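Notes for the structure review
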Amino acid sequence: MSAANTAESADFRGPLDITRAATVVLDADSTVIGWSPAAAELLGYEPGEALGRPLSDFISAQPVGSTPPAAAAEASGVSEASGASGLSGASASTGIGPPSLVDNEIHVAHARDGRELLVATATCPLPGGAAGRGPGAPDRILVAAEVGGLRHWESRIALLQGLATQSPVGLAIYDTDLRLTWCNTAYEREIGQPLAAFRGKRADELYAGGSFVTPGYPQTLDGVMHQVLETGEPVLDLNFRAQQPSDPGRDHLWSCSYYRLEDAHGHVFGVCEDAFDVTDRYRVQERLALLVEAGRRIGTVLDVATTAEEIAEVAVPDFAVTVRVDVTRAAMTGETAAVGSAADMSLLRVADRSEPGAATPDPGLPDPAVPDPGPGQPDAEGADPGPGVAEPGPLDSANAEGGSRRIPGAAASLDGDRHPYPPVTYPPGSPQHRSLSSGGLVLDEGTLVVPLRAGGGILGLVTFDRGVGPGASGRPPAPDRATTFDNGEVALADELAARAAVCIDNARRYTRERTASLALQRQLLPHHLPPQSAVRTAYRYLPADDVTGVGGDWFDVIPLSGTRVGLVVGDVVGHGLQAAATMGRLRTSVRAFAQLDMAPDELLTRLDDLVGQPAEEPPDAYGGAVETYDVTTGATCLYAVYDPVSRRCVMARAGHLPPAIVDPGGRVSFPDLPAGPPLGLGGLPFESMEFELPVGSLLALFTDGLVEARDHDIGHGLDALGRVLGDRSASLEELCDRAVSELVPSGTSADDTALLLVRTRELDAERVAHWELSAEAVSVGRARELATGQLEAWGLEELVFATQLVVSELVTNAVRYAGGPLGLRLIRDRTLVCEVADTGHTSPHLRHSAEDDEGGRGLFIVAQLVQRWGTRYTPTGKTIWTEQALPPADEG
């Protein structure tokens, strides 16, 4: 807009104002005796040409009649082209034209250039009357203006009138002292009084306690208006929060704009304020922001209690004074959502949060101000609360500082630990009881109860309380807080509860799966490692954190023949129930292969073949294939066999970390054990490594969860583990505790952790007897004599007869079916071990002989005399071994 147009728009003088309109002075005979410059500009006649002539030469004597303006123009000879601009809707006093022109007469004016115009005229008689005036004496003044200009001015006046009386935007004018001088009707409605009652007051007096919440500007009304007066820069859309004088007790929010007012000469005389109440729009935005915040903060972890706490944290204090979340006992333990009646639902108080100093009474828990009876003492009703209920102390009361507080009535166990989630019981008729009974939300004054529903069942209740009455502190609710919930807030609470219910249901399902996985894993892992003569052991197992889930780490100690022991540790890819089940399958397979006395490399080869076989699952009930994710492929394993007689250890690994070996001097090493591929991948053979371990050596088998973490690599973890294991003065249990506290300080990590510590032993020479025999028939008798003499030396005369039969049968078979030289070894350990070694590679088989068979009964008789027997292959042949129970006096 140009400067000329701006000046024109700011000029509110009417077109018929004598200072602007075409002005003609007439005598009593309607002769022109005065002609203004505006009249000359309108009609084109100079004053010398117009003076002395009758008015009818310029303006029609009769106004336009009751006919429409177009017809009147045609009757007067006015062309549509020349009169269209001023003819629009104009009429005489008949009311055909717009109301603004009803009081003015419409005439046809004749311009000097031949144009004919429709003009509005007004006549003002001069004082004195026409009777005493002669020709040429001024009698009256006529002013004229084009109809179009008058219409434009009237529309601007209507705009001003609408802003003053009809606009919903509050308008006010303050002088340079910031005192109110004028306001419109909308502003009067906000104040609740007519303008005369508060004219001259300052803005901060009218809205005491209010402030601007838009950052970057002064917070007070005086500060903002002073800034506008001093700089002349308008300020737009500032948010101002205050209590409306006509609506006390509730905060409102206005969008305010300010600009400086100047007169025609540029002198500043005030500032104008326009303010629009955007409270409802702001409330909607607040609710939307709360939903967005709820989506961001609720359900961050798969834990029911944490999710319940997050609901309360989001809703307090922006939505309610107090929020309580009660969850069914079934949901806390991962069971299916409750679908029964209210009496069948056992609720636990999981979250309770209040605004500072504004806690509300809790109908579900006992009043903390009333002490409970002591343990074993009857309460007021005569009932014994039982030994699991403790007396509430001062910490049980509502926290005056607000926030999450200790829940009153929380039960205490016998060891003094307070139960974090006390049961709650709501009396009949309470909003919570009505919500449970109906399954829907209940609004009772300032209390809103919304059920947590998922899958057709109820997971719990959320109680939003705005504290209609005085809170626990005895103070009334804040004056700017709504004491009840409107329809929009009820819908918001329902949406919050629906989102929270989905998160709680997800956490419940996860809890159920994790509980099942942990239970399965505990059943599959060794509960107790029996004492071994070969080694002393200690172990630790830490499940993964709640975010990652149960993993598949495992370990085992397997007794083998000849007092040897098998040591194994493994790690399954993935987490969850399937990983735990896979771990159990692998552990069972390893134990089965180990009982066959396989060498470590052969055992891993068999295990790799087993894992590599495709799992053929049966089709489902509809004939389709069942999609499964095989977590067995990629599992890692380390298997070692230690012989306490020879102190030799043989081990092999399938993609697993090598063990840590600490010699008796405390030196730590990680042997360069050949790294085979993880199980199920194939491609490379597995290799064993054999070495001798001094007595008292420490062997540490572990999974990567112990030495690898997000904040450090495996190398750092191995170094830390080596420093811990190097302490020779500590026991195995102490070393386990130190390793876990040093490497997993939080107690849990993203991966589960298994650690098996083994300290080697050596059997005394007095407990082992070994002889070499030739492969001749006479060796059978010689073997019986040697065995009998050794048993008598050990004081095991009770086992002589059975041992003679065993030795005779095994040596006879070796002489007859194998070759020499033969070896006979007796070991007195927790059992009596008898071993016969030969150079053959065929294993004897137990069979039942028929009545007419002459042989085949010897091995059957041996099996009846011993606890167990088996065959162990060696590089030079095989060894047949048996184990017999020692007499009770010699056990241990």
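See above for the structure.
Residues numbered from 1 in each chain as written. Predicted model: local features only at pLDDT ≥ 70, side-chain atom pairs only at ≥ 80, totals over all residues. Heavy atoms only, no water.

1. Some remarks on the overall build of the protein chain
Applied cut-off: We count a stretch as a helix when DSSP gives it H or I for four or more residues in a row; a strand needs E for two or more, and each element gets its number in order from the N terminus. Contacts: residue pairs with any heavy atoms within 4.5 Å of one another. We get accessible surface area from the Shrake-Rupley algorithm with a probe of 1.4 Å; when it comes to residues, only the shown protein chains can shield them.
Tallying secondary structure elements over the protein chain gives 23 helices and 34 strands in all. The long-range fraction of contacts in the protein chain, counting pairs at least 24 apart against all pairs at least 6 apart in sequence, stands at 61%. Approximately 42,700 Å² of the protein chain is accessible, and the part contributed by carbon and sulfur atoms is 54%.

2. What to know about the pairing of strand E23 (residues 648-654)
Heads up, the condition is: For each residue, the accessible area found with a 1.4 Å probe, counting protein chains only, is set against the maximum for its type, and the residue is called buried under 20%, exposed over 50%, and partly exposed in between. Between any two strands, pairing holds if DSSP finds at least two bridges.
In terms of burial, E23 is largely enclosed, as six of its seven residues are buried. Strand direction decides the pairing type here: strand E22 (residues 636-643) and E23, joined by six bridges, are antiparallel. Across the sheet, Val 641 pairs through a bridge with Val 650, a residue of E23. Where E22 folds back on E23, the antiparallel hairpin that results is connected by four residues, among which Arg 647 adopts a positive phi of roughly 60°. Here four bridges tie E23 to strand E27 (residues 689-692), and the two strands are oriented antiparallel to one another. Paired with Arg 648 across the two strands is Glu 692, which belongs to E27. Pairing of E23 with strand E26 (residues 675-676), which is carried by two bridges, proceeds in the parallel orientation. Within the sheet, the bridge partner assigned to Ala 654 lies in E26 and is Gly 676.

3. Things to note about helix H22 (residues 800-817)
Rules: The span you would expect from a helix comes to 1.5 Å times its residue count less one.
Its 18 residues place the ends of H22 25 Å apart at the C-alpha level, agreeing with the 26 Å of an ideal helix rising 1.5 Å per residue. For H22, every residue scored as buried is listed here: Val 800, Ala 802, Thr 803, Val 806, Val 807, Ser 808, Leu 810, Val 811, Asn 813 and Ala 814. The elements touched by buried residues of H22 are helix H21 (778-794), strand E31 (822-828), strand E32 (831-838), helix H23 (858-865) and strand E34 (877-885).

4. Focus on the sheet that holds strand E5 (residues 140-146)
Rule in force here: Angles here are taken between N-to-C directions and fall from 0 to 180 degrees, while the axes themselves are lines fitted to C-alpha atoms, restricted in helices to the stretch in contact.
In space, the five strands of this open sheet follow the order E2-E1-E5-E4-E3, with antiparallel pairing throughout. Taken across any chain shown, the strands that pair with only one partner, and hence form the sheet edges, are strand E2 (32-35) and strand E3 (105-110). Pairwise comparison of adjacent strand axes, ignoring direction, gives a mean angle of 35° for this sheet. By the bridge criterion, six bridges tie E3 to strand E4 (residues 116-125) in an arrangement that is antiparallel.

5. Observations concerning the packing of H22 against H23
Quick note on the threshold: By definition, turning the near helix anticlockwise from the far helix through less than a right angle yields a left-handed crossing, and turning it clockwise yields a right-handed one. Gly falls in the polar group here, along with every residue not listed as nonpolar (Ala, Val, Leu, Ile, Met, Phe, Trp, Tyr, Cys, Pro) or charged (Asp, Glu, Lys, Arg).
H23 packs onto H22 with a crossing angle of 145° between their chain directions and a minimal axis gap of 10 Å. Judged by the twist between their axes, the crossing of H22 over H23 is left-handed. In this structure, H22 uses Ala 802, Leu 805, Val 806 and Glu 809 to contact H23, whose residues at the interface are Gly 858, Leu 859, Val 862 and Leu 865. Split into classes, the residues belonging to the contact of H22 with H23 amount to six nonpolar, one polar and one charged.

6. A look at the packing of aromatic side chains
Threshold: Pairing of aromatic side chains requires ring centres within 6.5 Å, counting the rings of Phe and Tyr and the six-membered ring of Trp. Pairs whose planes differ by under 30 degrees are stacked, by over 60 edge-to-face, and all others tilted. Geometrically, a charge over a ring is one whose NZ (Lys) or CZ (Arg) sits within 6 Å of the ring centre while staying within 35 degrees of the ring normal.
For the coordinates displayed, the defined rule picks out 11 aromatic pairs. On the basis of an interplanar angle of 75° and a centroid distance of 5.4 Å, the ring pair of Tyr 207 and Trp 254 is categorised as edge-to-face. Pair noted here: Tyr 207 is in the loop between helix H9 (203-206) and strand E8 (211-212) and Trp 254 is in strand E10 (residues 247-262), with a separation of 47 residues, a long-range link. Across this residue pair, the class does not change: Tyr 207 and Trp 254 are buried. One Lys or Arg, Arg 466, reaches over the ring of Phe 319 and ends 5.3 Å from the middle of that ring.

7. With respect to the sheet that holds E34
Pairing in this open sheet of five strands is antiparallel, and the strands run E30-E31-E32-E34-E33 from one edge to the other. Taken across any chain shown, the strands that pair with only one partner, and hence form the sheet edges, are strand E30 (768-773) and strand E33 (868-874). Neighbour-to-neighbour, the strand axes of this sheet turn through a mean angle of 15°, independent of strand direction. Sheet contacts for H22: E31, E32 and E34; angle to E32, the most-contacted strand, approximately 15°.

8. Overview of the packing of helix H16 (residues 577-595) against helix H17 (residues 600-612)
We apply this condition: Note on angle classes: values under 35 degrees are labelled roughly parallel, values over 145 roughly antiparallel, values of 65 to 115 roughly perpendicular, and the remainder oblique.
Look at H16 against H17: their axes get within 10 Å of each other, and the N-to-C directions meet at 140°. As summarised for this structure, H16 and H17 are arranged oblique, according to the angle between their axes. In the packing of H16 onto H17, the handedness of the crossing is right-handed. Across the interface between the two elements, Leu 586, Ser 589, Val 590, Phe 593 and Ala 594 of H16 pack against Leu 603, Arg 606, Leu 607, Leu 610 and Val 611 of H17. Here the residues of the contact of H16 with H17 sort into eight nonpolar, one polar and one charged.

9. Observations regarding empty space enclosed by the protein
Remark: the empty space left among the atoms is shown by a probe the size of a water molecule rolled over them. Applicable threshold: Two kinds of site are reported from a 1 Å grid over the protein atoms alone, namely cavities, where a 1.4 Å probe fits but cannot get out, and pockets, open sets with protein on both sides within 12 Å along at least five of seven lines, and residues are called lining when an atom falls within 4 Å of a point. Grid points are joined across faces, edges and corners, and a volume is the space filled by probe spheres set on the points.
The full count for this structure, using the stated rule, is two cavities of 30 Å³ or more. Tyr 187, Glu 190, Tyr 207, Leu 221, Phe 240, Trp 254, Cys 256, Tyr 258, Glu 273 and Ala 275 are the residues that line the largest cavity. Taken together, the elements giving at least two residues each to the lining of the largest cavity come down to helix H7 (185-191), E10 and strand E11 (268-277). Here the element with the most residues in the lining of the largest cavity is E10; it accounts for three residues. By volume, the second largest cavity amounts to about 40 Å³. If you trace the second largest cavity, you find it lined by Ala 22, Val 24, Trp 35, Ala 39, Leu 42, Leu 43, Ile 59, Ala 109 and Ala 144. Only strand E1 (22-26) and helix H2 (37-43) provide two or more residues apiece to the lining of the second largest cavity. When residues in the lining of the second largest cavity are grouped by element, the largest group, three residues, is from H2. Along the lines of polarity and charge, the residues of the lining of the second largest cavity split into nine nonpolar, no polar and no charged.

10. Here we look at the pattern of salt bridges
To be explicit about the condition: By definition here, a salt bridge exists when the distance from a side-chain nitrogen of Lys or Arg to a carboxyl oxygen of Asp or Glu is within 4 Å.
As enumerated under the stated definition, the model contains 37 salt bridges in all. A salt bridge links Arg 667 to Asp 663; its shortest N-O distance comes to 3.0 Å. Assessed through its relative accessible area of 60%, Arg 667 is described here as exposed. Under the relative-accessibility criterion, Asp 663 is labelled buried at 16%. Salt bridges linked by common partners bring Arg 647, Arg 648, Glu 690, Glu 692 and Glu 762 together as one network.

11. A look at the nonpolar core
Stated formally: Here the nonpolar core consists of buried residues drawn from Ala, Val, Leu, Ile, Met, Phe, Trp, Tyr and Cys, with membership extended through side-chain atoms lying within 4.5 Å.
Counting residues in hydrophobic clusters, the biggest one holds 48 residues, and the most contacted among them are Trp 554, Leu 567, Val 590, Leu 603, Tyr 639 and Leu 679. When neighbours within four sequence positions are excluded, Trp 554 is seen to be in contact with Leu 525, Val 568, Val 569, Gly 570, Asp 571, Val 572, Met 583, Leu 586, Arg 587, Val 590, Cys 637 and Ala 754. Among the nonpolar cores identified, the runner-up in size contains 40 residues, and Phe 319, Ala 331, Phe 485 and Ala 497 belong to it.

12. Re the environment of Thr 484
As a reminder of what qualifies: Pairs of N or O atoms within 3.5 Å make up the polar contacts considered here, provided that, within protein, one atom can donate a hydrogen while the other can accept it, and that residues adjacent in sequence are counted only when both atoms are side-chain atoms.
The topology assignment puts Thr 484 in the loop between strand E18 (457-465) and helix H15 (487-524). By relative accessible area, Thr 484 is classed as partly exposed at 38%. With sequence-adjacent residues up to four places away left out, Thr 484 is seen in contact with Glu 445, Gly 446, Arg 466 and Glu 489. Of note is the side chain of Thr 484, whose polar atom sits 3.0 Å from the backbone oxygen of Glu 445.

13. Some words on the environment of Gly 676
Within the secondary structure, Gly 676 sits in strand E26. You can call Gly 676 buried: its relative accessible area is 9%. Between the alpha carbons of Gly 676 and Ala 652 there is a distance of 7.9 Å; along the sequence they are 24 residues apart. Setting aside its immediate chain neighbours within four residues, Gly 676 contacts Arg 653, Ala 654, Gly 655 and Phe 686.

14. Comments concerning the side chain of Asp 222
Structurally, Asp 222 is set in helix H10 (residues 221-231). Excluding residues within four positions of it along the chain, Asp 222 makes contact with Leu 178, Arg 202 and Asp 204.

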